[in-house]
Amino acid sequence: MELLWKLILLLSLVECLEGSGVLLRPEFTKQPGSVVFPLQPGENRREVVFSCEAQGHPPPFYRWKLNDSFILPRPGSHYSLMGGNLRISHLNKEEDVGIYQCLASNSFGTIVSREASLHIAYLENFKTQRRSPVRVREGQGVVLLCGPPPHTGELTFTWIFNEYPSFVIQDTRRFVSQKTGNLYIAKVEPSDVGNYTCVVTNTVTKSSVQGPPTPLVLRVDGVMGEYEPKIEVQFPEVVPVAKSSTVKLECFALGNPVPTISWRRADGASFGRKVDINKASGVLEIPYFQQEDAGVYECVAENTRGRNSAKGKLSFYVYALMMSAHQAL
Ligand SMILES: *[C@@H]1O[C@H](CO)[C@@H](O)[C@H](O)[C@H]1NC(C)=O
Ligand SMILES: *[C@@H]1O[C@H](CO)[C@@H](O)[C@H](O)[C@H]1NC(C)=O
């Protein structure tokens, strides 16, 4: 009985609120989240919807901002509102990337949602059709440039030797930089003669494109004698590394005989935990980076003709989380 009375009381209270026009401040029930949109080459059905929903009395109306300017969803524009949701059709990588925010307003006031970013990941095709032959002497070192096309998102690189699916195998003599895509051959042998094609893969869109083949040709005017290692791939002087992230350092040298690469800490400290030095030694990988891993690292390239080294400092930092505020205006 008592319950029934409470219910009746509550119902009349709600009626009273509506009748008297009591205002309820809008509150978000859904907010937009950040999006990385993978754009495949030649794809035209591309659309993103940012969600936004709020309750309040009177029911809120919605507006959206891109990089702090209001979006005006006019007829014919590629923006449209579905309730509070913002739909962007025919996504365009020049006009649409940025920070989006939803605003919900009623006569009580306006609230602003958290920031949601829109990134577009893409990888264009190589523009050049052919590359001129690279002529080297036997015993010499060589660098073949990849020169990846315009893109966003992280790339990985491999090289085809002559025909797919014959890939260049990395060892102490051959190295593919995952920073630049370039292929390094420490000391050229007659069996290296052929065509080299760089294959670039976007890790976000999963799409791959092939560069124009570069022919490698052996010069017949002599053989290159022995020489000391020349470091061609080296890591930056200072590398800031976030706590718990994985860092990869690259180091590779040309030379005759083929140099060996070794790694050490210049401050004399041992690596302590397990660091991963890949078979060809050109990459030092430190997973789950911690304060004690910070310091100066050195890679040493050595052959019977001499030795050279490269150094860089790994500095440790802790990510400061940026909290997005739900501010009321
Ligand atoms: C929004 O700002 C970002 C970062 O400054 C910029 O890259 C992007 O082009 C801007 N977007 C628009 C549509 O102006
Ligand atoms: C390299 O490519 C050229 C042009 O396509 C071709 O004529 C040549 O035979 C190729 N060389 C090898 C070793 O496959």
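All values reported here derive from a predicted model rather than from experimental measurement. (Residues numbered from 1 in each chain as written. Chains lettered and ligands numbered in written order. Predicted model: local features only at pLDDT ≥ 70, side-chain atom pairs only at ≥ 80, totals over all residues. Heavy atoms only, no water.)

Below, the discussion takes up the site of ligand 2. Surrounding ligand 2, one finds Asn162, Gly194 and Asn195. Asparagine 162 has a polar side-chain atom sitting 3.3 Å from an oxygen atom of ligand 2. Residue asparagine 195 places a side-chain N or O atom 2.2 Å away from an oxygen atom belonging to ligand 2. For ligand 2, whose unbound accessible area comes to 360 Å², protein coverage reaches 27%. (Near = heavy atom within 4 Å. Polar contact = N/O pair within 3.5 Å; in protein donor to acceptor, adjacent residues only side chain to side chain. Areas by Shrake-Rupley, 256 points an atom, 1.4 Å probe, with all protein chains shown as cover.)

Attention now moves to the packing of aromatic side chains. This model, assessed by the stated rule, comprises nine aromatic pairs. Residues tyrosine 164 and phenylalanine 167 carry aromatic rings whose centres are separated by 5.8 Å and whose planes lie at 85 degrees to one another, so their mutual orientation is edge-to-face. Accessibility expressed as a relative area gives 34% for phenylalanine 167, which makes it partly exposed. Their ring planes at 55 degrees and their centres at 6.5 Å tell us that tyrosine 184 and phenylalanine 252 sit as a pair that is tilted. Linking tyrosine 184 in strand S17 (residues 183-185) with phenylalanine 252 in strand S24 (residues 252-256), this pair joins segments that are 68 residues apart in sequence. For phenylalanine 252, a relative accessible area of 1% puts it in the buried group. Here a set of aromatic residues connected by ring pairs shows up, and it is made of Phe50, Trp64 and Tyr100. Its guanidinium or amino end placed over the ring of phenylalanine 70, lysine 65 lies 5.0 Å from that ring's centre, counting from NZ or CZ. It is lysine 93 that lies over the ring of tyrosine 122; its NZ or CZ is 4.4 Å from the centre. (Phe/Tyr/Trp six-rings, centres within 6.5 Å; stacked < 30°, edge-to-face > 60°. Buried < 20%, exposed > 50% of the residue type's maximum accessible area, 1.4 Å probe, protein only. Helix = DSSP H or I, 4+ residues; strand = E, 2+ residues; numbered from the N terminus. Lys NZ or Arg CZ within 6 Å of the ring centre and 35° of its normal.)

What follows deals with the site of ligand 1. If you check the shell around ligand 1, you find Leu66, Asn67, Glu95, Val97 and Gly98 and nothing else. Contact distances for ligand 1 include 2.4 Å between an oxygen atom and a side-chain N or O atom of asparagine 67. In the model, a nitrogen atom of ligand 1 is placed 2.9 Å from a nitrogen or oxygen of the valine 97 main chain. Within the complex, the protein chains bury 40% of what would otherwise be the 360 Å² of accessible surface of ligand 1. Along the lines of polarity and charge, the residues of the shell around ligand 1 split into two nonpolar, two polar and one charged. (Nonpolar A, V, L, I, M, F, W, Y, C, P; charged D, E, K, R; others polar.)

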